Amino acid sequence: MPKSKFVFVTGGVTSSLGKGIISASLAKLLQSRGYTVTIQKFDPYINVDPGTMNPYEHGECYVTNDGAETDLDLGHYERFLNSATSQANNVTTGRIYKTVIENERRGEYLGKTVQVIPHITNEIKRRMMMLSETGQYDVIITELGGTVGDIESLPYIEAVRQLRWELGQDAICIIHLTLIPYLKAAKELKTKPTQHSVKDLQELGVQPDILVCRTEHKLNADIRKKIALFCNVNQNAVIESIDADTIYDVPLLMLKEKLDKVTLARLKLPLRNEPELEAWKDFILRVKHPNNEITIGLVGKYVELQDAYKSIIESFVHAGAENDCKVNIKTIQSELLTPENVKEKLGEMDGVLVAPGFGNRGIEGKIEAIHYLRTHNVPFFGICLGMQMAVIEFARNVLNLKNANSTEMNTSTTDPVIDLMEGQKEVSQKGGTMRLGAYQCELKKGSKSIIAYGKNKINERHRHRYEYNNAYETAFEKAGMVATGKNPETNLVEIVEIPKHRWFVGVQYHPELKSTVENPHPLFVKFVKACMDYSADKP
Ligand code: GLN
């Protein structure tokens, strides 16, 4: 029997209720009471991982230290808990089926007919329990993606039903997140959709222990009583989750509603100490009442969907709080930037971040933006594709290599300043074939990066195929763009800077994936500071 206890979080009525934030908030509260907690996400889609999905479909793809391309909810888990997740924390239906089919091909089922029950559900259960085998966690919270009632969620709900019987009632707590809509015309909160979605779960043999009810208005005692009565839960297990100003308020709102206490009671675990949340509260205070304000442009091609740049946006919240500054983000569609309008679009900004991305669309606009920022001494931060475009801009306009490009955009360019590594050239499959996960990097003395990090060896996460082409390094350096961070094993260039510029830093890796409430990322902190200084100096 595992020593961990398990919490499952399901969702009903509609998608986008914020299961990830509720899971992360509960985890935060349990952690602050002295429990070791981790969160995992099970996604019912058939992609093996979200790596091949367009950000418009699924938001940002979050990358773990061990190089897994995962759901963006894992980012919330890391930002709230300040602890790293891994491949084991994100499982999809595609991955489950892949394992089962591979087992079948190896003959491991000894001639049996392979079926959803028990083979798929057994594999789901094995993965649900996997993190408990490390012995590291008191509580494992599993968020089930999708909405109860979806065909594709059925095997997951069935796996939870079986686990409750196999592990015993006290080992498992099921939290169902649901919506209580407000009907303006009737001036009433409505409980019927919740009743129906709980009934859906019950029909599948699963009785939720706790209902977290998303609502725009407070739930009074009568409503709570009614929900409890119709849904078979205790009245203190009807938890109100009212719309919050910031996601970082949610742990405190859940504390007020006693979500942690009710969960621990259900799992027969002691309350231990009162939650230690002083630093968290202090952070929120700084987020809500900053003394300074700046506006940073975010140039990218997925700007219509904020989730596409989730970690970057959250990193600015952390770095803003650290600098006592509100950071307004103005998104700018890179496709619409031209030499004629770049001044008008970027002129008011206190600094600009050029975002990561793939493919040709919008890259000339990114280059245009970087040209403006470099020549007008405006703080610039380039991430991944943003860094690569800074290298191309410099090559074209300073080194005068007019055809300079990345071989991702033009395979036959005469000046491939960004190119594939030798080993990558043979690869034709798309999924999981990039440079992924954490790599070491050594920083150059006197660089802006080493000052920001306060140390010379760092470890950052990657997700890209193309690299800075070291054949051009000397020419770049002579002309004023310096490679200030390198991988000590492969010599790959990870950071470029222009020392003469007030703040011009491009990084091949993704710093945004490591920023947390407790540990805001040093490059974001220093970039925000540079933007504040520029804002004060600006004519
Ligand atoms: N498309 C670029 C590459 O594959 C950059 C990727 C990114 O920005 N994440 O190298």
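Fair warning: this is a prediction, and the values are worked out from it, not measured in the lab. (Residues numbered from 1 in each chain as written. Predicted model: local features only at pLDDT ≥ 70, side-chain atom pairs only at ≥ 80, totals over all residues. Heavy atoms only, no water.)

Looking at the environment of His464
- The residue His464 is located in strand E19 (residues 457-464) in this model.
- Along the sequence, His464 and Pro356 sit 108 residues apart, while their C-alpha atoms lie 9.3 Å from each other.
- Once residues within four sequence positions are removed from consideration, His464 is found in contact with Cys384, Met434, Arg435 and Gln508.
- A polar contact of 2.9 Å, which involves the side chain of His464, links it to the backbone oxygen of Tyr466.
- Of the polar contacts made by the side chain of His464, one reaches the side chain of Gln508; its length is 3.4 Å. (Helix = DSSP H or I, 4+ residues; strand = E, 2+ residues; numbered from the N terminus. Contact = heavy atoms within 4.5 Å. Polar contact = N/O pair within 3.5 Å; in protein donor to acceptor, adjacent residues only side chain to side chain.)

Points about the sheet that holds strand E20 (residues 466-468)
- If you trace the three strands from one edge of the open sheet to the other, you get E16-E17-E20, paired in mixed fashion. If you trace the sheet from one side to the other, it starts and ends with strand E16 (405-406) and E20, each paired once.
- Relative to strand E17 (residues 416-420), E16 runs parallel, the two being bridged by two bridges. Paired with Asn405 across the strands is Pro416, a residue of E17.
- In the packing of helix H15 (residues 385-397) onto the sheet, contacts are made with E16, E17 and E20, and the angle to E17 comes to roughly 145°. (Pairing = 2+ DSSP bridges. Axes fitted to C-alpha atoms, helices over the stretch in contact; angles between N-to-C directions.)

Quick look at the packing of helix H1 (residues 19-32) against helix H3 (residues 73-81)
- In contact at an axis separation of 9 Å, H1 and H3 are set at 25° when each is read in the N-to-C sense. When the interaxial angle is binned, H1 and H3 end up roughly parallel. Crossing handedness for the pair H1 and H3: right-handed. Judged by residue contacts, Gly20, Ile21, Ala24, Ser25, Ala27, Lys28 and Gln31 of H1 engage Asp73, His76, Tyr77, Phe80 and Leu81 from H3. (Parallel < 35°, antiparallel > 145°, perpendicular 65-115°, else oblique. Left-handed = near helix turned anticlockwise from the far one by under 90°.)

Observations concerning the side chain of Lys5
- Considering the arrangement of structural elements, one finds Lys5 in strand E1 (residues 5-11).
- No salt bridge is formed by the buried Lys5; the nearest opposite charge belongs to Asp170, separated by 5.7 Å.
- Polar contacts involving the side chain of Lys5 include one to the main-chain carbonyl oxygen of Leu267, which spans 2.8 Å. (Buried < 20%, exposed > 50% of the residue type's maximum accessible area, 1.4 Å probe, protein only. Lys, Arg positive; Asp, Glu negative; His and termini not counted. Salt bridge = Lys/Arg side-chain N within 4 Å of Asp/Glu carboxyl O.)

What to know about the pairing of E19
- Summarising burial for E19: six of the eight residues are buried, a large majority.
- Across eight bridges, strand E18 (residues 435-443) lies against E19 in antiparallel orientation. Across the sheet, Glu442 pairs through a bridge with Lys457, a residue of E19.

A few points about the pattern of salt bridges
- Evaluation of the coordinates by the stated rule reveals 41 salt bridges.
- Here Lys3 and Asp138 are joined by a salt bridge, their closest N and O atoms 3.6 Å apart. With Lys3 in the segment before E1 and Asp138 in the loop between helix H5 (116-130) and strand E6 (139-144), the pair connects residues that are 135 residues apart, well separated along the chain.
- Residue classification places Lys3 among the exposed residues on the basis of a relative accessible area of 55%.
- Among the ionic pairs, Arg127 bridges to Glu123, the shortest N-O distance being 2.9 Å. With Arg127 and Glu123 both in helix H5 and four residues apart, the pair spans about one turn of that helix.
- Among the charged side chains, a salt-bridge network with shared partners connects Lys41, Asp43, Asp71, Asp73 and Glu143.

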